[in-house]
Amino acid sequence: MGRLENKIALVTGSGNGIGRATAELFAAEGAVVYVTDVDAAAAEAVAGGITAKGQTAHWAAMDVSKGQDVSSVMRRVKAEQGRLDVLVNNAGLNVRGDFRHMSDADWVKLREVNLDGVVRVARDGFDLLRASPSASLINVASIMGSRGLRQLTGYSATKGAVVALTKGLAFEYAPFKIRVNTLSPGYVETALTERILRNPIFEKWLIDRTLLKRLGKVEDIAKAALFLASDDSVYMTGAELVVDGGMTASL
Ligand SMILES: NC(=O)c1ccc[n+]([C@@H]2O[C@H](COP(=O)([O-])OP(=O)(O)OC[C@H]3O[C@@H](n4cnc5c(N)ncnc54)[C@H](O)[C@@H]3O)[C@@H](O)[C@H]2O)c1
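Considering the environment of Leu128
Phase 1 of the analysis: Along the chain, Leu128 falls in helix H5 (residues 126-130).
Phase 2 of the analysis: You can call Leu128 buried: it has 21 C-beta atoms within 10 Å.
Phase 3 of the analysis: Sequence separation between Leu128 and Arg75 is 53 residues, and the spatial gap between their C-alpha atoms is 9.2 Å.
Phase 4 of the analysis: Apart from residues no more than four positions distant in its own chain, Leu128 is found in contact with Met74, Val77, Lys78, Arg83 and Leu84.

Topic: the nonpolar core
Phase 1 of the analysis: Ranked by size, the top nonpolar core spans 65 residues in total, and within it Ala9, Phe26, Val33, Val35 and Ala225 carry the most contacts.
Phase 2 of the analysis: In terms of residues, this core owes the most to one element, helix H9 (residues 218-229), which gives eight residues.

What to know about unusual backbone geometry
Phase 1 of the analysis: In this structure, Asn6 is a non-glycine residue whose phi angle is positive, near 70°.
Phase 2 of the analysis: In this fold, Asn6 is placed in the segment before strand E1 (8-11).
Phase 3 of the analysis: Positioned with a positive phi, Lys177 is a non-glycine residue whose angle comes to about 60°.
Phase 4 of the analysis: Here Lys177 lies in the loop between helix H6 (153-173) and strand E6 (178-185).
Phase 5 of the analysis: Judged by the 12 C-beta atoms lying within 10 Å of it, Lys177 is exposed.

Section: the packing of helix H3 (residues 67-80) against helix H4 (residues 104-124)
Phase 1 of the analysis: It is at 10 Å that the axes of H3 and H4 come closest, and there the two elements cross at 30°. Considered as vectors, H3 and H4 are oriented roughly parallel to each other. Between H3 and H4 lies a crossing whose hand is right-handed. Where H3 abuts H4, its residues Gly67, Val70, Ser71 and Met74 lie against Arg120, Val121 and Asp124.
Phase 2 of the analysis: Grouping the amino acids of the contact of H3 with H4 by side-chain chemistry returns three nonpolar, two polar and two charged.

Considerations on the site of the ligand
Phase 1 of the analysis: Close to the ligand lie 30 residues, the nearest being Gly13, Gly17, Ala91, Gly92 and Thr190.
Phase 2 of the analysis: For the shell around the ligand, the elements supplying multiple residues, two or more each, are helix H1 (17-28), H4 and helix H7 (191-197).
Phase 3 of the analysis: Tallied by class, the residues present in the shell around the ligand amount to 14 nonpolar, 13 polar and three charged.

What counts as what
Residues numbered from 1 in each chain as written. Predicted model: local features only at pLDDT ≥ 70, side-chain atom pairs only at ≥ 80, totals over all residues. Helix = DSSP H or I, 4+ residues; strand = E, 2+ residues; numbered from the N terminus. Buried ≥ 20, exposed ≤ 12 C-beta atoms within 10 Å, placed from the backbone. Contact = placed C-beta atoms within 7 Å. Core = buried A, V, L, I, M, F, W, Y, C linked by C-beta atoms within 7 Å. Axes fitted to C-alpha atoms, helices over the stretch in contact; angles between N-to-C directions. Parallel < 35°, antiparallel > 145°, perpendicular 65-115°, else oblique. Left-handed = near helix turned anticlockwise from the far one by under 90°. Nonpolar A, V, L, I, M, F, W, Y, C, P; charged D, E, K, R; others polar. Near = placed C-beta within 6 Å.

Without other data, these values stay purely geometric and don't point to any function.
This is the structure in structure tokens:
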């Protein structure tokens, strides 16, 4: 018996990286998973891989920065399932650069996906989560949501806002038996970090600062998402689960 048997889950941005590993683990644990991504081909491929293993997945093209995309996918899930037990706000991106040179367009792009997308999905998913006897909403932020680093100021600002948003949502959704938690990864090897991790000096700098002496793998984060999704975390809401190999525990 899997840990998510009889649960319906939706993961945003699950065509690649952490979202993909999370969708695959959820399906392996018995959930019916909706794989959604702005990259439709990636979502379709991930869902196809899951169903090829005899597990259950559906896919949808969904850009979290587009209100129409989000509401139409939520309408479809309502028609097909009537509820959502697990909703993971994972879609995110980064636009690197020195803050003083950041264009309005770059800031809007960051904010529209990393913050507005989370707001929209959390709001439009409410009715489906309320229909579950025990719902879990997981917002993926970052350890950068509470600290600063060169060329990451805009990204940090969006992720810090997600941490604060999660606490407010935990308060507002608790009466409806919806738990809301933040999952904050450290540095994980994905397409998002590929370019910076190609710099061996920066990579060594990061590993030196990580107590467990390695970067994160997508599976490390997916396992933490599974914990927050399952009833094992039934007494957690409004919390931030940091999964960073101890990077932020040390100086
Ligand atoms: N990789 C890390 O080190 C790290 C660390 C902390 C937090 N995070 C966060 O984890 C989440 C996943 O990141 P990742 O490293 O797996 O990145 P990734 O680039 O490998 O995957 C992100 C996925 O999100 C999708 N996406 C991008 N914009 C979207 C949009 N508007 N609507 C829907 N989907 C969209 C992409 O197509 C992609 O499939 C992000 O929120 C990221 O900020 C990552």
